[in-house]
Every structure is written in structure tokens, then in C-alpha cells.
Amino acid sequence: MDLFDFEEGREGYYGQYGGAFVPEILTSTIEELKSCFKACKEDPGFWDEFEQLMQQYSGRPTPVTYLPNLSKKLGGAQIYVKREDLNHTGSHKINNVMGQGLLAKRLGKPRVIAETGAGQHGFATATMAAKFGFECKIYMGEVDVLRQRPNVFWMENLGAEVIAVKDGQRTLKDAINECMRDWVANMDTTHYVLGTACGPHPFPEIVSYFQSIIGKEANRQIQELAGRLPDRVYACVGGGSNAMGIFQGFLDDDSVELIGCEAGGSGTGIGHHAARLAYPDASVGVAQGYKTFFLQDDDGNMLDTESVAAGLDYIGISPIFPYLQEQGRVRFAAATNDEVTEALRLVMATEGLIPALESTHAFARAIVEAPEMSKDEIILVNQSGRGDKDIFTVADALDDDHWKCFIRNKAVEYGA
Ligand SMILES: *Cc1c(COP(=O)(O)O)cnc(C)c1O
């Protein structure tokens, strides 16, 4: 299945989803980006340059690890995990960001901008900008700036300017709008490093291209380690970049079932979750430059979302996913905050791993399904990031009174 071999006149579309709904003034910049990306893809040396950069700078290839204790405890399928948490800056975000850094260099643009919600993408972009010598501005909702102090601290100390966006709900979607405004005003000097497989074409394709390094490695590694392909691959889905990354390694292997795990939040019911494809609450619309399923009301106003994992707490989803769901190629499920907290406890206790709360959604679903499978079946979970960043949220969720008190006192000290 070649998702990016577009039909004549349907460039940037995955079935009826995708497209590029951008202000007229951006057309030439988007064209410039598309032709630069096309030249890179066709240049046989480009992927090697990217891969070497990721080896030397981010520790790739990240390993696949077998989890014998968890597998035994659940009594079903054998569970393996792809360790994107071991990347520099602690998640898969760096794959896309370093790739787009190489693009910005080829475009000759000295300045990069990015939106960020939880701060992981902003942190990775500030890191890349420092390494490549780009000027860097990060847009972040004011509410998120207060919630994610440590990431703001690192971004600023890496040399980025962090702008606290005061419009709307002062969260991710407001930061995206502000970032788009900056791009329109400064497109001659500036590349917009979009953080996930969403937004106008060619971003879903570009982000998927760089993240495909996860699936390329994982396909080879699991066969070396387990002797064959997995039966199921689980990945969490916020915008969809880590899931696209690992799934692309198995798309053409029909025996491998692919499962996208969304944020079930505090339960079903509008406003309580961020499940766009697992639950029936989202509908097709056009917003933020592309057409996909959005959590919106009948007038197209975006609904509130809720999740213990900030990185999954988004109204839209990569346009590639509703298409893959319609094709029957990816199945969607949601994990609730409570299931995720329980899964984190279990993974920490049995295997000593600390996955990010986002990644724990994929574990939570695998933990539900593994016992129903036989002992000679194989599961692969994508651990998209490490949980260090979640210490405050996890202490709260695990009801650890000592740490909650310590954290509250620190928050007062910081003025949050
Ligand atoms: C940002 C983030 C996600 C969600 O983004 P995707 O584009 O859906 O991958 C998932 N896991 C971690 C660790 C993240 O930082």
C-alpha cells in the first residue's frame, strides 16, 4: 500500500481526508517545501544522511526489548516493546524534528517556529535549532506554559523564545493558530516545524516519512529477536506521528494487525475524552488547514477534550487514519485514565520500565487483549516516550500524598 502515491488531481488526499486548506499567500511557500521534500526523497544520499544523524545524535537504532515478566503475568501473547523512549529528549518527536531541520537547511531558511502542547515537541525543536544554529520561536498556550514549567525552562535555556499564547482556551489549538500567523508573516526566512502527522499537505507526508524510521527498524529487529513478524502492533495516537512511524513498517504485511490507541479520558460522553475514531462523537470537518475527523459540535465549534496524557489531548487526528480505518487496515480502541494508571503501575512493577502516559495507552490496550491471545502469538508495543516528564501527573493519579504535597509546595514556590 503506497499511501503517498497520490491519484492525479488528488495530491495530499487519503481517501476523502487531508488536503491543504491554507491562506492563498502561503501557496508559494508550500510549493517550495513540497519540491524541496521531493528532491530529498529522490536523492539516494538523503535518507543515509538522516539515518547517520539519528545514530550519532539520538542513539538510534533504538532497541526492541522482550518483556518476559509482563507476558507471563498476563498469561497470553509474548509482549515486545520498541524503545522510542531512549531517544535524545525522551521521545520519538526528535525523529521528525531532525529531519525537518535538514529540510530547513536545504531550504536555506535561518529561522524555525513550532507549536507545542505538553512541550515535548517544543523541547525537541529548540534542541534541533541549537544544534543547527537556527533562530527559534515556540508558540505555547498560556495554560500549558504554566502546567509544563520544566519544558519551558529547557526550551529557553536552549536559546528558544517561548511565546505564551493568550487567545481562546490558551492551549494547543490556539498555539497552532498563532504559529500559522507567524509563518504567513515571515515565510521568506522561516520554516514551520509542524510536530505531528496533521495539518495541510505536505506535512502529514513529511512527518510520516521521517517517523517511518521507527517501523523500518522494528520490522527487522522483531524478526531477529522473535524469529517472525508480530501478530499485533499497538501505538498510541495523538496527532498520529508515532503510530504512523511504527505502522509503516508493517502496512504491507497482511498478517500483522495494527491497533491505534486513543485517549479514553474519564469515560465515554462528549467532553470527557479525546477519542476521535474509537468513539462516535467526532465528525468530518475542515480546520487548521486539513480535512479529518474533529471533536466538534454541529456548528463546527471545537469541543473540550480530556486526558491524563497531554500529548493525546487534541481535537483532530492525522487524515491518514480515518482512511486506514475505512480500509480496515487499522483498528481503533481507547484506554481510560484509570486503565492507563493501572497499566503504568503494572509495567513499572514487572519490567522496570517507565513509559510516558501517552505510550501507556498502547500498553493499556495490549494488557486488555494479551490474555485473550495464545502463548505463541506476538505483540509489539511502541513505547513512544519516557515518563520522567509526567512525575507530577503520575503522583496525582497514584494518589501519593507525600509527593502530592511536595509538588504542591514547589508549584507555589514557582508561582504556578
Ligand atoms: C507528542 C507525543 C505523543 C503523541 O503524538 P503523536 O503524533 O500521536 O505520536 C505520543 N507520545 C509521546 C511520548 C509524545 O511526546
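Heads up: these notes are all about the structure in this document. Fair warning: this is a prediction, and the values are worked out from it, not measured in the lab.

1. Remarks on a nonpolar patch on the surface
- Among the surface-exposed residues, Phe153, Trp154 and Leu158 lie close enough to one another that they form a single nonpolar patch of about 300 Å² accessible area.
- Its place among the elements puts tryptophan 154 in helix H7 (residues 149–157).
- Taking relative accessible area as the criterion, tryptophan 154 reaches 46% and is therefore assigned partly exposed.

2. Quick look at the layout of surface pockets
- Taken as a whole, the second largest pocket holds about 300 Å³ of empty space.
- At the level of secondary structure, the elements contributing two or more residues to the lining of the second largest pocket comprise helix H1 (27–42) and helix H9 (203–226).
- Ranked by residue count, the leading element in the lining of the second largest pocket is H9, at seven residues.
- Grouping the amino acids of the lining of the second largest pocket by side-chain chemistry returns seven nonpolar, six polar and six charged.

3. Here's the deal with the sheet that holds strand E7 (residues 161–165)
- Taken in spatial order, the four strands make up an open sheet running E7-E6-E5-E8, and their pairing is parallel. What marks the edges here is a single partner per strand, and that holds for E7 and strand E8 (190–192). When strand polarity is set aside, the average angle formed by the axes of neighbouring strands in this sheet is 25°.
- As defined by bridge partners, strand E5 (residues 111–116) adjoins E8 across three bridges and the pair is classed as parallel.

4. Things to note about the packing of aromatic side chains
- This model, assessed by the stated rule, comprises 19 aromatic pairs.
- Plain terms: the ring middles of phenylalanine 4 and phenylalanine 6 are 6.4 Å apart, the flat faces sit at 75° to each other, and that makes the pair edge-to-face.
- Phenylalanine 6 gets classed as buried once you look at its relative accessible area, which sits at 18%.
- Where tryptophan 47 meets tyrosine 209, the ring centres are 5.2 Å apart and the plane angle is 80°; that geometry is what we call edge-to-face. In this pair, tryptophan 47 sits in helix H2 (residues 44–58) while tyrosine 209 sits in helix H9, placing the two residues 162 residues apart along the sequence. The same class applies to tryptophan 47 and to tyrosine 209, which are both buried.
- Aromatic ring contacts, followed pair by pair, group Phe37, Phe46, Trp47, Phe50, Tyr209 and Phe210 into a single cluster.
- One cation-aromatic arrangement involves arginine 10 over tyrosine 13; the distance from NZ or CZ to the ring centre is 4.2 Å.
- Positioned over the ring face of tryptophan 47 is lysine 216, at 4.0 Å from the centre of the ring.

About the thresholds
Residues numbered from 1 in each chain as written. Predicted model: local features only at pLDDT ≥ 70, side-chain atom pairs only at ≥ 80, totals over all residues. Heavy atoms only, no water. Patch = residues over 30% accessible without salt bridge, like charges linked within 9 Å, V, L, I, M, F, W, Y side chains within 5 Å. Areas by Shrake-Rupley, 256 points an atom, 1.4 Å probe, with all protein chains shown as cover. Salt bridge = Lys/Arg side-chain N within 4 Å of Asp/Glu carboxyl O. Helix = DSSP H or I, 4+ residues; strand = E, 2+ residues; numbered from the N terminus. Buried < 20%, exposed > 50% of the residue type's maximum accessible area, 1.4 Å probe, protein only. 1 Å grid on protein atoms, 1.4 Å probe; cavity = no way out; pocket = protein on both sides within 12 Å on 5 of 7 lines; lining within 4 Å. Points joined across faces, edges and corners; volume = space filled by probe spheres on them. Nonpolar A, V, L, I, M, F, W, Y, C, P; charged D, E, K, R; others polar. Pairing = 2+ DSSP bridges. Axes fitted to C-alpha atoms, helices over the stretch in contact; angles between N-to-C directions. Phe/Tyr/Trp six-rings, centres within 6.5 Å; stacked < 30°, edge-to-face > 60°. Lys NZ or Arg CZ within 6 Å of the ring centre and 35° of its normal.

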